[in-house]
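# Working through the structure, step by step
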Amino acid sequence: MLTWLPARVVALRAKVFEKVNGDNAITFPNDQVGPDRFQELYSHPAANGRSKGAGLSDLFWYWLSPGPEVHQEHLEAGPRYDDVARATRTFLAGPSDALAATATRCTAKVLDEVLTGRVTAVRLRDLMMPVWAEYFYELVFGEPCPRYARDLVVGHANDVVTSLKCTGLRHPARRARLTRYLKARLADVRHPLPETLSEAEQVHYLQGTYFNTAVVQMAEAMAHLLLALAQHPEVARRVEDDRYFAHVLDETFRLYPLFGIAHRITTADIVLDEHTSFPAGSVLCFNYPAYHATGYDNPHEFDPGRWESTAARHEHHIPFGVAANRPCPAWRLSPIVMRAAAREVLRRVDLHSSVTHTRSLPSRGPCLLVRDGPAPRRRLAFMRVRDRWEDVWRSVVQLVLGTAMVLHAHRLRPAGRYFDTHDTQGCPVRH
Ligand code: HEM
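My aim in this report is to walk through the structure given alongside it, one point at a time.

Conventions adopted
- Along each chain, the written sequence defines residue order, and numbers are assigned to residues from 1.
- Reporting of local features is limited, given that this is a predicted model, to residues whose pLDDT is at least 70; pairs of side-chain atoms are given and counted only at 80 or more, and all residues count toward the totals for whole chains, interfaces and linings.
- Excluded from the side-chain calculations are hydrogens and water; all other atoms, namely the structure's heavy atoms, are used.
- Here the term donor refers to an N, O or S atom within 2.8 Å of the metal (or 3.2 Å for Na, K and Ca), and because water is left out of the atoms, sites may appear incomplete.
- Here a strand is any run of E in DSSP of at least two residues, a helix any run of H or I of at least four, and the numbering for each starts at the N terminus.
- We call a residue near a molecule or strand when any one of its heavy atoms sits within 4 Å of it.
- Whenever two N or O atoms come within 3.5 Å, that pair is a polar contact, provided that in protein one can donate a hydrogen and the other can accept it, and provided that, for residues adjacent in sequence, both atoms are side-chain atoms.
- Classification used: nonpolar for Ala, Val, Leu, Ile, Met, Phe, Trp, Tyr, Cys and Pro, charged for Asp, Glu, Lys and Arg, polar for all others including Gly.
- By definition here, a helix of n residues has an expected span of 1.5 Å times n minus one.
- Type-normalised accessible area, obtained with a 1.4 Å probe on protein chains alone, sets the label of each residue: buried when under 20%, exposed when over 50%, and partly exposed for intermediate values.
- Residues are treated as being in contact if the distance between any of their heavy atoms lies within 4.5 Å.

What the protein offers the iron atom of the ligand as a donor is a single atom, Cys-328 (SG), at 2.3 Å. Residue placement: Cys-328 occurs in the loop between helix H12 (288–292) and helix H13 (333–348).

See below:
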């Protein structure tokens, strides 16, 4: 089979993106700034521009619309960012037990619907997306999620992640249905919304943060965790041990970080030493998988045991970003709720999968959920062949759709046009 094709196509897609975006982006770690100085550069106070001044931003804004201009991740530093970040922290706070109990309940509800026979074939990302739609709906509105709202959220989040991975195009009308729903429910939100945002912007803030980023990231993270457990049954057998579970999670995040690359635009010159400097306006790309692969023995092996003798904070391990430069606000909540959800799944079924486990997981993680009894060997053999074949044609689809979207984003220039008429705090500017 054409097994070499997907890797070539991915490389070609990266080239097309680079060319169209037109940025002079530098990717780290590299010969100039190696793994030992990676975090120093990432944490530099001038490595803090998020959107303004990079062609790459047009592409992200295109994928994350509507409302990328008020998405926390894309806001420039300043009072608006502080206000939004404060609101997000309030939403994501809460006692661990309560956070975990809600995650267990939401997982159980979805599994009750899905598990009908002895063997259920799923794609793990699709299995987990409704769980997190339910979860974040409860977090935002403080009440159980009606089926209608869950479908809107899943439709929206799926559309975003599918286009981000270039396995499908965007469907703005689908996303707009959720916007209309949230607009009608704005008064029911149980925490204060950022005061510096207009009502329309607050709707986009909710949509982008809780019903896109949160749902997508948690569904992806759980797909990786469950797929790793499916392929390492000796690890899955030990997840009731809290300490061991923490190691499993550290290892999953190390090998399959959710961010391939996080970028920053330098807002002033950065001088690391007399030979290493970057002028203001440079686009710095921080490559997570490459960084996470340095400093370990057999870095490409999934081995939770490596964490028995060391702690993540001493190693090249930044699954939630760097503390000094806009880390993920869900760094505390995510492991708590992932543990609860994973245990609820494993309490009910054994997991089996024969697919290739890659970081970007465009296959969405095919897996068999098996209640009582052995793994169905023939179905696993079929799954393996289908996965290799899907890899080949999917990589071509990703190249074609990715090129179409990068050209479309380049023509629309959503970030560029916004900054033509607004300053970094969202105020209109006249030329
Ligand atoms: C296991 C799950 C998750 C992982 C591994 C993860 C990872 C990350 C990483 C690495 C960053 C920083 C990227 C950078 O430096 O630019 C980030 C930022 C962010 N994440 Fe997460 N994330 C997860 C879940 C969530 C959830 C559940 C939310 C819900 C609100 C969330 C909201 C955000 C936001 C708003 C930012 C931007 C922070 C800022 O710029 O101030 N993430 N995430």
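In the region of the ligand, 29 residues are neighbours, and Tyr-42, Tyr-81, Arg-264, Arg-326 and Cys-328 sit closest. Contact between the ligand and Gln-72: an oxygen atom at 3.0 Å from a side-chain N or O atom of the residue. Separating an oxygen atom of the ligand from a side-chain N or O atom of Arg-326 is a distance of 3.0 Å. Mapped by element, the contributors of at least two residues to the shell around the ligand are helix H4 (79–92), helix H9 (199–231), strand S3 (261–265) and H13. Of all the elements, H9 adds the most residues to the shell around the ligand, at six residues. Split by residue class, the shell around the ligand holds 19 nonpolar, six polar and four charged.

Turning our eyes to something else, we now look at helix H7 (residues 147–164). Compared with an ideal rise of 1.5 Å per residue, which puts 18 residues at 26 Å, H7 spans 26 Å between its outermost C-alpha atoms and is within 8% of the ideal. Burial in H7 covers these residues: Ala-149, Arg-150, Leu-152, Val-153, Val-154, Gly-155, His-156, Ala-157, Asp-159, Val-160, Val-161 and Ser-163. Close packing links the buried residues of H7 with helix H3 (55–64), helix H5 (96–114), helix H6 (124–141), helix H8 (172–184), H9 and helix H14 (377–412).

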